[in-house]
Amino acid sequence: MESDYTIIVSDSDVLTKLCGTNDNNLRLIEQNLGVPVYTRGNELSVEAENPDIRQRFRFIIDRIIDEIEDGSSDTEDAVASILNTYRHASKDGNAVIIPGGERRIYPKTQNQADYVELLRTHDMVFCTGPAGSGKTFLAVAEALRLVLSKQMQGIVLTRPVVEAGESLGYLPGDLDQKISPYLRPLYDAMESVISRESVRRLVDSGIIETAPLAYMRGRTLSNKVIILDEAQNTTVEQMKMFLTRMGERSKMFITGDVTQIDLPRKIRSGLTHALELLSSVEEIGMMRMTESDVVRNPLVRKIVKAYENEQSC
């Protein structure tokens, strides 16, 4: 029939995971589209003349296949996230497409979609939230997109070093070797979207730079994306110093988890102070992730929720 729109899924294992147990995923897709989804062999079809439904169907199927190929073990949860964020993520509007990247990065929750939008429309963005909510990963992905598309000249990665009984001066190696373990999560995020070799070339060429927070005093960073991770462990003075390093045509992405502050009890977190002090500045974007935004192993979401419930008691 002319009204049929068909997608061919060549890999039978992918098709099985896509459909879900007892076709549960297809039922979720049908509810979202408002029309039945038919299967025949390795084909998925909808009977719809409406181009919006056809476009949505194509987008949803392509996104689910991306999740399966990325190793998602819970396709039903992935399908639910995709359907929930379709309005903001459709037509690649909020997909982070990195030139030469190994995959497109799609927001998986409503807050993540809004966060990507803030990263694109604001020169300074604060994002707080629990581990696994995508706050650092999406900031790194957007930074790579800006640099590899030649919109920015470089990326500066920094993080406060807060470790009991240890300081950079006593760690072995040169400065890069001393700071590298603290920035490993940022490199892990990069290597999940572009090849390790590409990351190495960017580091060797100086396009990606690592800098301990304490070594940034006196600098002005222009035409760069500056990422401050684990910002909850900055002092008020360090945060002020960092924010005032911003030069022309630069962007700053500040991420942290205010429930995991490692500073001594009497020292106020620079992140919590900045969030309060700068909340009325319209040009600054602020996003707060919650446990519902955690997209790691589903067990992590339950752990985060348990700790949040304990703190609220």
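Described below are features of the structure shown in this document. (Residues numbered from 1 in each chain as written. Predicted model: local features only at pLDDT ≥ 70, side-chain atom pairs only at ≥ 80, totals over all residues. Heavy atoms only, no water.)

1. A few points about the pattern of salt bridges
Applying the stated criterion across every chain, the model contains 17 salt bridges. Between Asp62 and Arg58 there is a salt bridge, with the nearest N and O atoms lying 3.3 Å from each other. Note that Asp62 and Arg58 are positioned in helix H3 (residues 51-69) at a spacing of 4 residues, about one turn of the helix. Asp62 gets classed as partly exposed once you look at its relative accessible area, which sits at 32%. Between Arg249 and Glu248 there is a salt bridge, and its shortest N-O distance comes to 3.3 Å. When its relative accessible area of 57% is taken as the criterion, Glu248 is described as exposed. Residues joined in a network through salt bridges with shared partners are Arg184, Asp188, Glu191 and Arg196. (Salt bridge = Lys/Arg side-chain N within 4 Å of Asp/Glu carboxyl O. Helix = DSSP H or I, 4+ residues; strand = E, 2+ residues; numbered from the N terminus. Buried < 20%, exposed > 50% of the residue type's maximum accessible area, 1.4 Å probe, protein only.)

2. Some remarks on the packing of aromatic side chains
Under the criterion given, the structure shown has 2 aromatic pairs. Judged by centre distance (6.3 Å) and plane angle (75 degrees), the ring pair of Tyr5 and Phe57 falls under edge-to-face. Linking Tyr5 in strand E1 (residues 4-8) with Phe57 in helix H3, this pair joins segments that are 52 residues apart in sequence. When its relative accessible area of 0% is taken as the criterion, Phe57 is described as buried. Ring centres of Phe59 and Tyr106 lie 5.9 Å apart, and the angle between their planes is 75 degrees; on these two criteria the pair is classed as edge-to-face. (Phe/Tyr/Trp six-rings, centres within 6.5 Å; stacked < 30°, edge-to-face > 60°.)

3. Regarding the sheet that holds strand E7 (residues 224-228)
If you trace the 6 strands from one edge of the open sheet to the other, you get E6-E5-E7-E8-E4-E9, paired in parallel fashion. Each of the sheet's edge strands pairs with one partner strand only, and the pair in question is strand E6 (208-210) and strand E9 (284-288). Neighbour-to-neighbour, the strand axes of the sheet open up by a mean angle of 15 degrees, direction not taken into account. Sheet analysis places strand E5 (residues 154-158) next to E7, joined by 5 bridges and oriented parallel. If you follow Val156 over to E7, its bridge partner there is Ile226. Against the sheet, helix H7 (residues 135-148) contacts strand E4 (124-128), E5, E7 and strand E8 (251-256), and its axis sits at roughly 165 degrees relative to E8. (Pairing = 2+ DSSP bridges. Axes fitted to C-alpha atoms, helices over the stretch in contact; angles between N-to-C directions. Contact = heavy atoms within 4.5 Å.)

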